[in-house]
Amino acid sequence: MGETVELDEAAKALLDFEKTWWTLSGSKDSEIRERFGYSATRYYQLLNGLLDDEAALRYDPLLVKRLRRLRAARQQERSAQRISLKVG
């Protein structure tokens, strides 16, 4: 069997923030820029990439599974909208 790859501290910080951002007083976008120095777009790109990482799943399985479900639901909704546009 191969070696288990662990998440780096930056990836852990993203997941930890995503789990608790709603408890903060500022807006999520401003907190992202202040904490990580990323635009919201870049933050979500990185977060989305983490959802496909097995190390992220091992680090916080409940959060990663919840975010995967939300992502799948959004993808399904977008697909349904495209289909309805083609039919209509």
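In what follows, the structure referred to is the one given above.
A brief structural summary. (Residues numbered from 1 in each chain as written. Predicted model: local features only at pLDDT ≥ 70, side-chain atom pairs only at ≥ 80, totals over all residues. Heavy atoms only, no water.)

1. Digging into the overall build of the chain
Scanning the chain from N- to C-terminus turns up five helices and zero strands. Along the chain, from the amino end to the carboxyl end, the secondary structure elements read α-α-α-α-α. Taken over the C-alpha trace, the chain has a radius of gyration of 16 Å; the compact-globule value for 88 residues is 12 Å, which it surpasses by more than 25%. Its C-alpha atoms give the chain principal-axis dimensions of about 50 × 45 × 20 Å. By element, 53% of the accessible surface of the chain is carried by carbon and sulfur atoms, the whole surface being about 6600 Å². Side-chain charges of the chain comprise 16 positive and 14 negative groups, with the mean position of each set lying 8 Å from the other. (Helix = DSSP H or I, 4+ residues; strand = E, 2+ residues; numbered from the N terminus. Rg over C-alpha atoms; globule rule 2.2 N^0.38 Å. Areas by Shrake-Rupley, 256 points an atom, 1.4 Å probe, with all protein chains shown as cover. Lys, Arg positive; Asp, Glu negative; His and termini not counted. Charge placed at Lys NZ, Arg CZ, Asp CG, Glu CD.)

2. Here's the deal with a positive patch on the surface
Together, R74, R78, R82 and K86 make up a positively charged patch on the protein surface. With respect to the element layout, R82 can be found in helix α5 (residues 61-87). (Patch = residues over 30% accessible without salt bridge, like charges linked within 9 Å, V, L, I, M, F, W, Y side chains within 5 Å. Salt bridge = Lys/Arg side-chain N within 4 Å of Asp/Glu carboxyl O.)

3. A look at the packing of aromatic side chains
Across all of its chains, the model carries five aromatic pairs by this definition. Here the aromatic rings of F17 and F36 are separated by 5.5 Å at their centres, their planes lie at 85°, and the arrangement is edge-to-face. Pair noted here: F17 is in helix α1 (residues 9-20) and F36 is in helix α2 (residues 28-36), with a separation of 19 residues, a long-range link. Chaining the aromatic ring pairs together yields one cluster made of F17, F36, Y38, Y43 and Y44. (Phe/Tyr/Trp six-rings, centres within 6.5 Å; stacked < 30°, edge-to-face > 60°.)

4. Concerning the side chain of E31
One can find E31 in helix α2. Accessibility expressed as a relative area gives 13% for E31, which makes it buried. When neighbours within four sequence positions are excluded, E31 is seen to be in contact with F17, L24, G26 and F36. (Buried < 20%, exposed > 50% of the residue type's maximum accessible area, 1.4 Å probe, protein only. Contact = heavy atoms within 4.5 Å.)

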